[in-house]
Structures are given as structure tokens and as C-alpha cells.
Amino acid sequence: MKTTTQLARQIIKAVGCANGLAGRQLGCENAVEVIKASPFFTNVQERLPLQWGKIIEEVNTGRHASALSGVTQTCRQLAHETRQVIENKDELLVFGGDHSCAIGTWSGVATALRPQGDIGLIWVDAHMDAHTPDTSDTGNIHGMPVAHLLGFGDKNLVKIGDRLPKLLPHNLCMVGIRDYESAEQELLERLGVRIFYANEVEKRGIQDVMQEAQYLVTRNTIGYGLSIDLDGFDVSYAPAVGTPSADGINALEFIKALLTIDLTKLIATEIVEFLPRFDDNQRTSEQLVSSLVEYIYKTKQFQINSVNEIAARVSKSEKIQQVSQAM
């Protein structure tokens, strides 16, 4: 088992990817701009040491299959930024965009940490996103990032950062899956990826599922990431998505579950598929994005401070014992 490195950092560096051409519907490319200007997110920034880094603008080479070249160029730029943030030892927070940006996000993270060991990933989503260009009927690349991170698909996308797969199947867990196609399921189940389908989440509860997922993605890694697609949640909590799917995760219960898992090993967080023009009058999805960021990083900060305090007390106690024995 790999030993866990200290992944705690003071500054949370937010990187944006204004991409949407690889999605089913246009609009996710506006998410970063809306989040950055959001009064809800402004309130979060006042309570967290968060700084905005670079915003990646997508390269437009068309839609559907024609977007492949543009997505490749966009993901290369994003991977460069995420790698730099990790190498600078800052916290990494990525806002998409459609979910194709995950190829860039996690390629950069995995490449930066390759010398230290493998990374794990919890993928919260309604969809498997595990098509390749050969299996996808639509050609929408936001339905392909998982396959490419595992090393399957377009040769240029799988080689972003380095030539190795960015994730090993046993270090990946998918949570909330309920809308998928047979080619995706066949690939992931053949590889042995742990999939927590929506019916299992409903039966066991999201807290129990997230605790198991966190264990699985950290047992052989130096840490893990969270990739959160808003359509993983029930539409009552996240109406502003382009590919809604019924019977999603209860967002409030998900946030409560975050309080029960070990976030000290969290390397990076990615939040994607927010499509602002579909939000309701209360801006429910916008509020959810802000709440997720706040609860993830305030909980992580609390956990790290608690660990450090306990370690300091143990060290002090050991020194007192050593002095007593020497007298």
C-alpha cells in the first residue's frame, strides 16, 4: 500500500474551463463566468482562502465529432494549469464546463503526482461517461472522459500529460449511475471499476456509499479527487443541467456524507455541467455549487486542523515521558 502524502495546502486555487461544445446542449461554457460573479460564491470566498487562477477558453473546431481537435487542445491547456497548481502545492478546485474537461483536469493532476504514486477518483454522475469515439452514437465528447482517463479511445486524448493511463480501474469509483449504454457498462465492468448504481445508493444511503468509495480510492493511492457532475443530483436540487436524469442523489444528504469521509486525502475537486440558463428563479444550482465548495473545504480544513492538534498533543506527551524517564 502506498503511503499517503501530505496534500493539505493553504491556498485554494480555482481554475476555470469555459467549455461547452462537447456537451449535448450549449451553455456550460458560461458556467465559470456565472460562478465567478455569483453573490453566493462571493460569500463562500469570504470564508475560504480561495484565489482565482487562469480561465481556459475552449478551442472551437465544431460540435460533436468535429469537436475532437478542439477538446484535445483545450484539455492540454487545462492539464498544464492543473499540473502547475499541484506542483506549486496549492489546493486545486476546477470549474467546468462540460464534463470533457475532466480529461484535462485529471491528466494534469495524475502527471504531476506520477513520481509519488497513483491517484484515485470518485466520479459523481448520472452517467458513466465511458464511451469512446468508436462506441458513441452522438459523438459528444462529454460522454467520453472516463474511458480516456483509463487509457481507451482517441490516441491524442489518452496521451495528454504523459502516455500512461491517468487512472487505474481499481482506483476509480462511480457514484449515482442511472443513465448509461451497454458499450460503456461493458467496458467498465470488464475492467473491474466499482460502480454504485442509483438503486444501490437509494438502498444503502449516500453516506454509506461515499464511505466505501473513499476507502476504495485511497487503499492503493496517495490520495483521491472528486469529479462532481451536477446531473448526479436529483433535479430538484440541480435543475440547471443539460442532461437531466430522474431519481438522482439527494444533495443535502450528499453534503452531510462529506462530513463523514476522510477529506485530508483529497487532492482536488472538479464541479461540472452547470448550465446557467436552465437554473430556476431561486438559482438553486448556483447555490448548490457554492455550498459544495464551502462544505468540502471547510470540512477538510477542520479535519486537518484536528489531526495536527492531536499529533502535537501526542508529540508533547512523548517528550514529557522522555524527560521523566531521564530523571
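About the thresholds
Residues numbered from 1 in each chain as written. Predicted model: local features only at pLDDT ≥ 70, side-chain atom pairs only at ≥ 80, totals over all residues. Heavy atoms only, no water. Helix = DSSP H or I, 4+ residues; strand = E, 2+ residues; numbered from the N terminus. Buried < 20%, exposed > 50% of the residue type's maximum accessible area, 1.4 Å probe, protein only. Pairing = 2+ DSSP bridges. Axes fitted to C-alpha atoms, helices over the stretch in contact; angles between N-to-C directions. Contact = heavy atoms within 4.5 Å. Salt bridge = Lys/Arg side-chain N within 4 Å of Asp/Glu carboxyl O. Disulfide = S-S within 2.5 Å. Expected span 1.5 Å × (residues − 1). Parallel < 35°, antiparallel > 145°, perpendicular 65-115°, else oblique. Left-handed = near helix turned anticlockwise from the far one by under 90°. Nonpolar A, V, L, I, M, F, W, Y, C, P; charged D, E, K, R; others polar. Core = buried A, V, L, I, M, F, W, Y, C linked by side-chain atoms within 4.5 Å. Arc of directions from axis to C-beta. Polar contact = N/O pair within 3.5 Å; in protein donor to acceptor, adjacent residues only side chain to side chain. pLDDT = per-residue confidence, 0-100. Phe/Tyr/Trp six-rings, centres within 6.5 Å; stacked < 30°, edge-to-face > 60°. Lys NZ or Arg CZ within 6 Å of the ring centre and 35° of its normal.

A word on unusual backbone geometry. Between Gly 96 and Gly 97 the backbone carries a cis peptide bond, its omega angle lying at 15°. Position of Gly 97 relative to the elements: it lies in the loop between β3 (91-95) and α4 (102-113). For His 64, which is not glycine, the phi dihedral falls at a positive 60°. With respect to the helices and strands, His 64 occurs in the loop between β2 (50-57) and α3 (68-87). Overall, His 64 belongs to the partly exposed group, its relative accessible area being 35%.

Take the sheet that holds strand β7 (residues 224-229) next. Taken in spatial order, the 8 strands line up as β2-β1-β3-β8-β7-β4-β5-β6 in an open sheet, and their pairing is parallel. At either margin of the open sheet sits one strand with a lone partner, and together these are β2 and β6 (194-197). The average angle at which neighbouring strand axes cross in this sheet is 15°, direction not considered. Two strands pair when backbone bridges link them, and β7 and strand β8 (residues 266-272) are joined in this way by 6 bridges, in the parallel orientation. Opposite Asp 229, over in β8, you have Val 272 as the bridge partner. Seen against the sheet, α3 touches β1 (12-18), β2, β3 and β8 and runs at an angle of roughly 180° to β1.

Now for the pattern of salt bridges. All told, the structure shown has 13 salt bridges when counted by the stated rule. As a salt-bridge pair, Glu 200 and Arg 194 come within 2.8 Å of each other at their nearest N and O atoms. Note that Arg 204 and Asp 208 form a salt bridge whose closest N and O atoms lie 3.1 Å from each other. Given the relative accessible area of 35%, Asp 208 is considered partly exposed.

Here we come to the state of the cysteines. The tally for this structure, following the rule as stated, stands at 0 disulfides. Cys 101 supplies the cysteine sulfur nearest to Cys 28, a cysteine that is in no disulfide, at a spacing of 9.3 Å.

Helix length check: helix α9 (residues 206-218), at 13 residues, gives a terminal C-alpha distance of 18 Å against a target of 18 Å (1.5 Å per residue), a fit within 8%. In this structure, the buried side of α9 is in contact with β4 (120-124), β5 (172-177), β6, α8 (198-204), β7 and α10 (251-258).

Moving on to the packing of α3 against α4. Remark: α3 packs on α4, axes separated minimally by 7 Å, with the N-to-C direction vectors making an angle of 40°. With respect to α4, the axis of α3 lies oblique. Seen along the crossing, α3 lies across α4 with a hand that is right-handed. In this structure, α3 contributes Cys 75, Leu 78, Ala 79, Thr 82, Arg 83, Ile 86 and Glu 87 to the contact, and α4 contributes Ile 103, Gly 104, Thr 105, Ser 107, Gly 108, Val 109, Thr 111, Ala 112 and Leu 113. Looking at the contact of α3 with α4, its residues break down into 8 nonpolar, 6 polar and 2 charged.

Counting residues in each nonpolar core, the largest one holds 49 residues, and the members touching the most others are Phe 95, Val 175, Leu 230, Phe 233, Phe 254 and Val 293. Counting 35 residues, the second largest nonpolar core, distinct from the first, contains Ile 86, Ala 102, Leu 172 and Tyr 197.

Here we take up α10. Within the sequence span of α10, burial applies to Ala 251, Phe 254, Ile 255, Ala 257 and Leu 258. For α10, the arc enclosing every buried residue in end-on projection is 155°, short of the 170-degree limit, so these residues lie on one face. Measuring from the backbone nitrogen of Leu 252 back to the side-chain oxygen at the start of α10 gives 2.9 Å, which picks out Asn 250 as the cap.

Axis angle and axis distance: for two packed helices, these are the angle between their axes and the distance between the axes, and together they describe the pair. Remark: α9 packs on α10, axes separated minimally by 9 Å, with the N-to-C direction vectors making an angle of 45°. In terms of orientation, α9 and α10 fall into the oblique class. Handedness of the α9/α10 crossing: right-handed. Where α9 abuts α10, its residues Ile 206, Gln 207 and Met 210 lie against Glu 253, Phe 254 and Ala 257. In terms of residue class, the contact of α9 with α10 is made up of 4 nonpolar, 1 polar and 1 charged.

Attention now goes to the confidence of the model for the protein chain. A residue-level look at the protein chain finds 94% of positions with pLDDT of 70 or above and a mean pLDDT of 94. Element-level mean pLDDT values for the protein chain span from 86 in helix α11 (residues 284-326) up to 99 in β4. In the predicted structure, residues 1-9 sits below a pLDDT of 50 and forms 24 contacts with residues beyond four places in sequence or in another chain.

Moving on, we get to the packing of aromatic side chains. Any two aromatic rings considered together are summarised by their centre-to-centre distance and by the angle between their planes. As enumerated under the stated definition, the model contains 5 aromatic pairs in all. Counting every residue linked through ring pairs, the aromatic cluster contains Phe 41, Trp 52 and Phe 95. Across the ring face of Phe 196, the terminal group of Arg 194 is positioned such that the distance to the ring centre comes to 3.9 Å.

Mapped onto the secondary structure, Thr 82 falls in helix α3. Classification of Thr 82 as buried rests on a relative accessible area of 0%. From its side chain, Thr 82 meets the backbone oxygen of Ala 79 in a polar contact 3.2 Å long. Ignoring anything within four residues of it in the chain, the contact list for Thr 82 reads Leu 92, Val 94, Gly 104, Thr 105, Gly 108 and Val 109.

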